[in-house]
Amino acid sequence: MTKTVLSFIFVMGFALVHLSSKYLSFIKDSSRNKFLSFAGGVAVSYVFLHLLPDLNHYQQKVGKTLNHGIGHYLEDHIYLIALLGLALFYGLERLVKNSKKKQGAQSNSEEVAVSSGVFWVHIASFFLYNAVIGYLLIREEYETKWGMFFFFLALSIHFVANDHGLRKDHKQKYDKYGRVLLTVAILIGWGIGAITVVHELIVSILVALLAGGIILNVLKEELPEDQESSFVSFITGLTGFSVLMMLV
């Protein structure tokens, strides 16, 4: 099976995850926090064993281009960009939380969605986030087909947790518009990767921003508050996925 065919199967799997996540009943019951803790363990393992080492590879690509002017006085440009990505996504999260407080104060209800403007800004950021993942699915240089499978596995679990958080923030708007747009974003990213190669500098910057976003989302959504999290589930996800990653 060729890389293109395999990546197409996995991108359709990503699409199915987004479209069906609202129907996963175990996310709504008492096992939700165990799942989120398990997802956090998988995501943390993926970040430290794959994503962060990958940034060093991208640093070699952007270093030559950015090592001019003020960039000459900076080192590790790619990690600064990843830090910027984390800060940007954190800023978006604060925007969402502040909007919920404002909407809640106006409606005297705790169960409120954010304003429409904030919703579209938030979804636009995750649209780009998903498009980059779709592009990497077909353009990333995997050592084996198992490498592509573990990329799909880790991010599928991550998507379920992300969908849960976005649905919690945006209520019916996310189910009506958000999950469809994020599904389309994955397919668009894969389609771009299938027909062309984006300049490596642009890809490097986007991957670094993505890395910062994933790290923040892991800390925010996939590691619940201490009293709600399950350390055993977290360690199970972390250890299990780490062993699988090291075996390929």
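Note that the structure is predicted; figures quoted are calculated from it, not measured.

Examining the UniProt feature "transmembrane region" (unreviewed entry) in the protein
- The feature "transmembrane region" (unreviewed entry), as given by UniProt, occupies residues 6-23, 35-52, 77-96, 117-138, 144-165, 177-195, 201-219 and 231-247 in the numbering adopted here.
- The annotated region residues 177-195 carries 100% helix and 0% strand content, and the separation between its end C-alpha atoms amounts to 27 Å.

A short note on the packing of helix H5 (residues 145-170) against helix H6 (residues 172-195)
- Where H5 meets H6, the closest approach of the two axes is 9 Å, and the angle between their N-to-C directions is 145 degrees. Judged by the twist between their axes, the crossing of H5 over H6 is right-handed. Across the interface between the two elements, Phe159, Asp163, Leu166, Arg167 and His170 from H5 touch Gln172, Lys173, Tyr174, Asp175, Arg179, Leu182 and Ile186 from H6.

Here we look at the packing of helix H1 (residues 3-20) against helix H4 (residues 116-139)
- Put simply, H1 and H4 touch, their axes get as near as 9 Å, and they point 155 degrees apart. By the angle between their axes, H1 is roughly antiparallel relative to H4. Where H1 crosses over H4, the two elements pack in a sense that is right-handed. Together, Lys3, Thr4, Ser7, Phe10, Val11, Phe14 and His18 of H1 and Asn130, Ile133, Leu137, Ile138 and Arg139 of H4 make up the contact between the two elements.
- Counted by class, the contact of H1 with H4 contains six nonpolar, four polar and two charged residues.

Rules of the game
Residues numbered from 1 in each chain as written. Predicted model: local features only at pLDDT ≥ 70, side-chain atom pairs only at ≥ 80, totals over all residues. Heavy atoms only, no water. UniProt positions renumbered as here; feature names shortened; annotations may be inferred. Helix = DSSP H or I, 4+ residues; strand = E, 2+ residues; numbered from the N terminus. Axes fitted to C-alpha atoms, helices over the stretch in contact; angles between N-to-C directions. Left-handed = near helix turned anticlockwise from the far one by under 90°. Contact = heavy atoms within 4.5 Å. Parallel < 35°, antiparallel > 145°, perpendicular 65-115°, else oblique. Nonpolar A, V, L, I, M, F, W, Y, C, P; charged D, E, K, R; others polar.

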